[in-house]
Amino acid sequence: MMADYKYLGLTAYIKENELNAEKLNVLAGAIESVQHQVETIEFDEEKYKTIVRSEAYQYLYDNDSMCLADDSEFPENTPEAYKHLSIEGTNIKGYPMLKIYIPSVSKRIESVHHFIYNSLRPVLLELFGEDLIHMRTKEGIEYENFQDGKETILVSVEDRTKVTA
């Protein structure tokens, strides 16, 4: 019996500004399909050496092909927008934001979990810090319905906007 494809997609919202545009280019160094979504900006690699030399970043670089999957590998009824990596501008409550969506698909659940939770998540948190406002995942299996997939909030906008007395 063949193993089903496992899907795990991550959506993150970050503040839209020049510094974060630069940081997206750092991410593009690890995930090739990000390069097609951002305007190329030169940046000082020394400034980001801790991230670029990390095991998490290297794992993204070595396994970025997980972001490119055939339509048949996604859960059934997956909307077209969830089949491809995307970075798009949006406006939330009057604030300009960037919505980053990165899918990953593999025959091994451990691989997609490692890609998203142990590599992409820490790289995004390190790169964007407090400018990362919200992050969530959606997961499913090839022959299951996309809408039935489990969603998990990794970074909550409520947590980022709480004011302590």
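Look a little higher up for the structure.
Let us look at the structure shown here.

Structural notes on the sheet that holds strand S3 (residues 95-106)
By way of backbone hydrogen bonds, the strands of a sheet pair with one another, either parallel or antiparallel. Spatially, the 5 strands line up as an open sheet ordered S2-S3-S1-S4-S5, and their pairing is antiparallel. Each having just a single partner strand, strand S2 (86-92) and strand S5 (150-155) make up the two edges of the open sheet. The sheet shows a mean angle of 20 degrees between the axes of neighbouring strands, direction not considered. Bridging between strand S4 (residues 132-141) and S5 involves 5 bridges; their strand directions are antiparallel. Paired with threonine 137 across the bridge in S5 is threonine 152. Relative to S3, helix H1 (residues 18-28) is tilted by about 10 degrees, and along the sheet it contacts strand S1 (6-15), S2 and S3.

Some details on the side chain of glutamate 22
With respect to the element layout, glutamate 22 can be found in helix H1. The exposure class of glutamate 22 is buried, given its relative accessible area of 15%. Beyond its immediate sequence surroundings of up to four residues, glutamate 22 is in contact with Ile41, Glu42, Phe43, Lys47 and Tyr48.

Quick look at the packing of helix H4 (residues 55-62) against helix H5 (residues 109-128)
Viewed as axis vectors pointing N to C, H4 and H5 meet at an angle of 130 degrees, and their least axial separation amounts to 8 Å. Between H4 and H5, the crossing angle belongs to the class labelled oblique. Remark: the crossing between H4 and H5 carries left-handed chirality. Here Ala56, Tyr57, Tyr59 and Leu60 of H4 lie close against H5, whose contacting residues are Ser111, His114, Phe115, Asn118, Ser119, Leu120, Pro122 and Val123. In terms of residue class, the contact of H4 with H5 is made up of 8 nonpolar, 4 polar and no charged.

Re the nonpolar core
Core analysis: the biggest nonpolar cluster contains 35 residues, and Leu27, Ile31, Ile102, Leu120 and Leu124 have the highest contact counts within it. Elements supplying a minimum of two residues to this core: S1, H1, H4, S3, H5 and S4. With 8 residues, the single largest contributor to this core is H5. Of all hydrophobic cores here, the second largest spans 6 residues; its members include Tyr7, Ala69, Tyr101 and Val105.

Calculation criteria
Residues numbered from 1 in each chain as written. Predicted model: local features only at pLDDT ≥ 70, side-chain atom pairs only at ≥ 80, totals over all residues. Heavy atoms only, no water. Pairing = 2+ DSSP bridges. Helix = DSSP H or I, 4+ residues; strand = E, 2+ residues; numbered from the N terminus. Axes fitted to C-alpha atoms, helices over the stretch in contact; angles between N-to-C directions. Contact = heavy atoms within 4.5 Å. Buried < 20%, exposed > 50% of the residue type's maximum accessible area, 1.4 Å probe, protein only. Parallel < 35°, antiparallel > 145°, perpendicular 65-115°, else oblique. Left-handed = near helix turned anticlockwise from the far one by under 90°. Nonpolar A, V, L, I, M, F, W, Y, C, P; charged D, E, K, R; others polar. Core = buried A, V, L, I, M, F, W, Y, C linked by side-chain atoms within 4.5 Å.

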